[in-house]
Amino acid sequence: MLKNLNLFRNRIWIVLIGLIFNLNSVIAQYESEFEKLTIKDGLSNNDVWDVKQDEYGFLWIATKDGLNIYDGYDFRIFKNIQGDSTSLPSNDCNAVLEDTNKDIWIGTKVGLARYDRSIETFKNFQFSENNTELSNSVWRIFEDSKQNLWIETNEGVLQFDRSKKEFVRFDVMRKDNTVAYFANNVSSIFETSKGDLYVGSVSYGLVKFDYSSQIFIQQKVKNTSTIFKANQIYDLN
């Protein structure tokens, strides 16, 4: 009996050693497939907030200290040049997006920027006349299936009209059918496969944009979890 028990224990140890060996092999395999790029390799800053690949295969990397373009070999870095209105408006970049027109949009700490590939300059836009810190911060840029450009800001979600080059604000219809100014922190934007646009906000919870009436509508969510009771949504997916 004791001999059989010892034999069983030995088999367990053999199996465990085999599993550990296989796990280490898998980890080593995945580690070898990833390449780490840091400031030592030419990246402007190790704090990376967003990464997008454009139609040409270049990686656009938004960092805390500059916008980077990576071609697989070298980095090209864009930064703000004091006194130059055609440079990046801020070195603190939060988001980057290539839209359906192949334009590159950058969300920064002091506003929205569009990169002009033909002359390699930036056109900068601000939505607030308030000059306090973070008053013009753009946290995320989203393009819906109707090619509308949506901007997440501290003042809520805004739409940027490309033709007029101006920001458009929308009201929100609350659950009690009263209309309010939609000006609070937005955490996420999501579009369903049917083309419905939802926004997660800190104060109004889940809201849906009504394209026909051009207003956000606060949703009555049946889920009874605490997050919906508090009208605080931090991500949609």
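Residues numbered from 1 in each chain as written. Predicted model: local features only at pLDDT ≥ 70, side-chain atom pairs only at ≥ 80, totals over all residues. Heavy atoms only, no water.

(A) How the structure looks around the pattern of salt bridges. A complete count under the given rule lists 10 salt bridges for this structure. For Lys 52, the salt bridge identified is with Asp 50, shortest N-O distance 3.0 Å. Residue Lys 52 is classed as partly exposed on the basis of its relative accessible area, which comes to 31%. Residue Asp 50 is classed as buried on the basis of its relative accessible area, which comes to 16%. One salt bridge connects Glu 120 with Arg 76, and the closest N-O pair in it is separated by 3.0 Å. Taken together, the positions of Glu 120 in the loop between β7 (111-116) and β8 (121-125) and Arg 76 in strand β4 (residues 75-78) put the pair 44 residues apart, joining distant regions of the chain. A single salt-bridge network, built from bridges that share partners, covers Asp 54, Glu 98 and Arg 117. (Salt bridge = Lys/Arg side-chain N within 4 Å of Asp/Glu carboxyl O. Buried < 20%, exposed > 50% of the residue type's maximum accessible area, 1.4 Å probe, protein only. Helix = DSSP H or I, 4+ residues; strand = E, 2+ residues; numbered from the N terminus.)

(B) Region of the structure containing the packing of aromatic side chains. All told, the structure shown has 19 aromatic pairs when counted by the stated rule. Between Phe 78 and Phe 122, the ring centres sit 5.3 Å apart and the planes meet at 80°, which makes this aromatic pair edge-to-face. Here the residue Phe 78 occupies a position in strand β4, and Phe 122 occupies one in strand β8, the gap between them amounting to 44 residues. Overall, Phe 122 belongs to the buried group, its relative accessible area being 6%. Lying across the ring of Tyr 211, Lys 146 places its NZ or CZ 4.1 Å from the centre. (Phe/Tyr/Trp six-rings, centres within 6.5 Å; stacked < 30°, edge-to-face > 60°. Lys NZ or Arg CZ within 6 Å of the ring centre and 35° of its normal.)

(C) Quick peek at the pairing of strand β10 (residues 149-153). Among the 5 residues of β10, 5 are classified as buried, and the element is accordingly described as predominantly covered. Burial along β10 is two-sided: the residues Leu 149, Ile 151 and Thr 153 and Trp 150 and Glu 152 are all buried. Sheet topology places strand β9 (residues 138-143) next to β10; 5 bridges connect them, and they run antiparallel. In the strand pairing of β10, Phe 142 is matched with Trp 150. With antiparallel pairing between neighbouring strands as the criterion, β9 and β10 make up a hairpin whose turn holds 5 residues, including Gln 147 at a positive phi of roughly 65°. The pairing of β10 with strand β11 (residues 156-161) spans 5 bridges and is classified as antiparallel. Each bridged residue has a counterpart across the sheet, and for Trp 150 the counterpart in β11 is Gln 159. Hairpin connection from β10 to β11: 2 residues lie between these consecutive antiparallel strands. (Pairing = 2+ DSSP bridges.)

(D) A look at the sheet that holds strand β2 (residues 59-63). With antiparallel pairing, the 4 strands of this open sheet are ordered in space as β1-β2-β3-β4. Each having just a single partner strand, β1 (48-53) and β4 make up the two edges of the open sheet. Recorded for the sheet is a direction-independent mean angle of 20° between the axes of neighbouring strands. As paired elements, β1 and β2 share 5 bridges and run antiparallel to each other. Residue pairing across strands places Val 51 opposite Ile 61, the latter belonging to β2. (Axes fitted to C-alpha atoms, helices over the stretch in contact; angles between N-to-C directions.)

(E) Local environment of the environment of Glu 166. Within the secondary structure, Glu 166 sits in strand β12 (residues 166-168). Of the residues examined, Glu 166 reaches a relative accessible area of 39% and is grouped as partly exposed. A sequence separation of 39 residues divides Glu 166 from Phe 127, and the C-alpha atoms of the two residues are 7.7 Å apart. Setting aside anything within four residues of it in sequence, one finds Glu 166 in contact with Gln 159, Phe 160 and Asp 161. (Contact = heavy atoms within 4.5 Å.)

(F) Focus on the sheet that holds strand β17 (residues 206-210). One open sheet holds the 6 strands; their spatial order is β14-β13-β18-β17-β16-β15, and the pairing between them is mixed. Edge strands, defined here as strands with exactly one partner in the open sheet, are β14 (179-181) and β15 (186-191). Strand-to-strand twist in this sheet, taken as the mean axis angle between neighbours without regard to direction, amounts to 30°. As paired strands, β17 and strand β18 (residues 215-218) are joined by 4 bridges and run antiparallel to one another.

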